Amino acid sequence: MNHISNDLTMIIVTHERAQYLSRVLEYYEDTVIKIIIVDSSQKAYPGIIKNRNMNYIHCPELSYSEKVIKAINIVKTEFITICADDDFIIKRALGNCVNFLKQNPSYELVQGYFLNFTNKNSTVKLNLKYEHIYNYDLSSNNSVDRIKYYYDNFVQTAYVVRRKETYLRSLYAISRFDIQGKLMDQTMCLYSVIQGKMKVLPIFFAVREYIPTSGSFNQKSV
């Protein structure tokens, strides 16, 4: 696990969800991975930092894309992953994804399988989720072919392991347009697969809490 600390930085994006942020940072408390928290909440929560590998940025004036750009601009590693504040990425899976990208330079995006969980009355239940992504491999060398396949087989690209420089270029390109919300999200996904190939590895990647009001569960995506 130690070796990927030189290769990967995790960016945790949050807004007005201190309870979720505190919980996920406890999960990563013993990790050596570099973590940047970008928080657009009105009130800052710097006291929740758990170790010296974590960096907290309070930026209440910035949009989603602006605060991610702010975080990436201080990243020193080749690869990054965005982590939602209600997700728990398996640490070993991050190493598997980094190794895959190192060995496959034509791929820009990689992830694994997600489970979701519910926590009700102190009982936690795990559920298999997003079966449509199994064996997903957007492997064409032709960007037009990748776009066509992607439109018919949409997969969310927000929470994957990816190459930093390519993603930063994508964010700068998208930020020139005055789009927000779901349209911005879909535009970013499309721009990502234009840049390169994407694969879902046959590994357990993360656990995500089931929150009915979350956008992650209002569409067929991960």
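Owing to the predicted nature of the structure, the values given are computational and were not obtained by experimental measurement. In every chain, residue numbers begin from 1 and rise along the written sequence. Given that this is a predicted model, residues contribute local features only at a pLDDT of at least 70 and side-chain atom pairs are listed and counted only at 80 or more, while totals for whole chains, interfaces and linings are drawn from all residues. Here the side-chain values reflect all heavy atoms present in the structure, with hydrogen atoms and water set aside.

(A) Highlighting the overall build of the protein. Working definition: helices are DSSP H or I runs of at least four residues, strands are E runs of at least two. Numbering for both runs from the N terminus. A count of helical and extended segments in the protein gives six helices and 10 strands. Summary of the burial criterion: residues with accessible area below 20% of their type's maximum are buried, those above 50% are exposed, and those between are partly exposed, where the area comes from a 1.4 Å probe applied to protein chains only. Here the protein holds 222 residues, and 52% of them are scored as buried. Contacts spanning at least 24 positions in sequence make up 71% of the contacts within the protein whose residues lie at least 6 apart. Per-residue accessibility takes into account occlusion by the displayed protein chains alone, with areas from the Shrake-Rupley method and a 1.4 Å probe. When the accessible area of the protein is evaluated, it comes to approximately 10,700 Å², of which 49% is carbon and sulfur surface. Two residues qualify as a contact provided that any one of their heavy atoms is within 4.5 Å of a heavy atom in the partner residue.

(B) Quick look at the packing of helix α2 (residues 64-72) against helix α5 (residues 164-175). A fitted line through C-alpha atoms represents every axis, and for helices the fit uses only the stretch in contact; the resulting angles, taken between N-to-C directions, go from 0 to 180 degrees. Contact geometry for α2 and α5: axes closest at 10 Å, N-to-C directions at 145 degrees. Pair α2 / α5 crosses with left-handed handedness. Contact residues: α2 offers S65, V68, I69 and I72, while α5 offers K164, Y167, L168, L171, Y172 and S175. For any pair of crossing helices, the crossing counts as left-handed if the nearer helix is rotated counterclockwise from the farther one by less than a right angle, and right-handed if it is rotated clockwise.

(C) View of unusual backbone geometry. The phi dihedral of E16 falls on the positive side, at around 55 degrees, and the residue is not glycine. With respect to the helices and strands, the residue E16 is situated in the loop between β1 (8-14) and α1 (18-27). The backbone of N135 sits at a positive phi, close to 65 degrees, despite the residue not being glycine. On the secondary structure map, N135 appears in the loop between β7 (123-128) and β8 (137-138).

(D) Looking closely at helix α3 (residues 91-103). Here the expected span of a helix is defined as 1.5 Å times the quantity of residues minus one. In this model α3 runs 19 Å from its N-terminal to its C-terminal C-alpha over 13 residues, within 8% of the 18 Å that 1.5 Å per residue would give. Along α3, the residues that are buried comprise K91, A93, L94, G95, C97, V98, F100 and L101.

(E) Representation of the environment of F117 within the structure. Topologically, F117 is positioned in strand β6 (residues 107-120). In the structure, F117 is positioned 92 residues away from E209 in sequence and 4.9 Å away in space, judged by C-alpha atoms. Not counting the four nearest positions on each side in its chain, F117 is found in contact with R23, F88, V124, K125, L126, V207, R208, E209 and Y210.

(F) Molecular detail of empty space enclosed by the protein. Grid points spaced at 1 Å and placed over the protein atoms alone form the basis of the search, with a cavity being a set where a 1.4 Å probe fits but cannot get out and a pocket an open set showing protein on both sides within 12 Å along at least five of seven lines. Lining residues have an atom within 4 Å of a point. Grid points are joined across faces, edges and corners, and a volume is the space filled by probe spheres set on the points. Throughout the structure, instances matching the rule amount to one cavity of 30 Å³ or more. Every residue along the wall of the largest cavity is listed here: E108, L109, R162, R163, T166, Y167, S170, S192 and Q195. Those elements giving two or more residues to the lining of the largest cavity turn out to be β6, β9 (161-163), α5 and α6 (181-195). Considering each element in turn, the lining of the largest cavity owes the most residues, three residues, to α5. Ten residue types, Ala, Val, Leu, Ile, Met, Phe, Trp, Tyr, Cys and Pro, are classed as nonpolar, four, Asp, Glu, Lys and Arg, as charged, and the remainder, Gly among them, as polar. Partitioned by chemical class, the residues of the lining of the largest cavity number two nonpolar, four polar and three charged.

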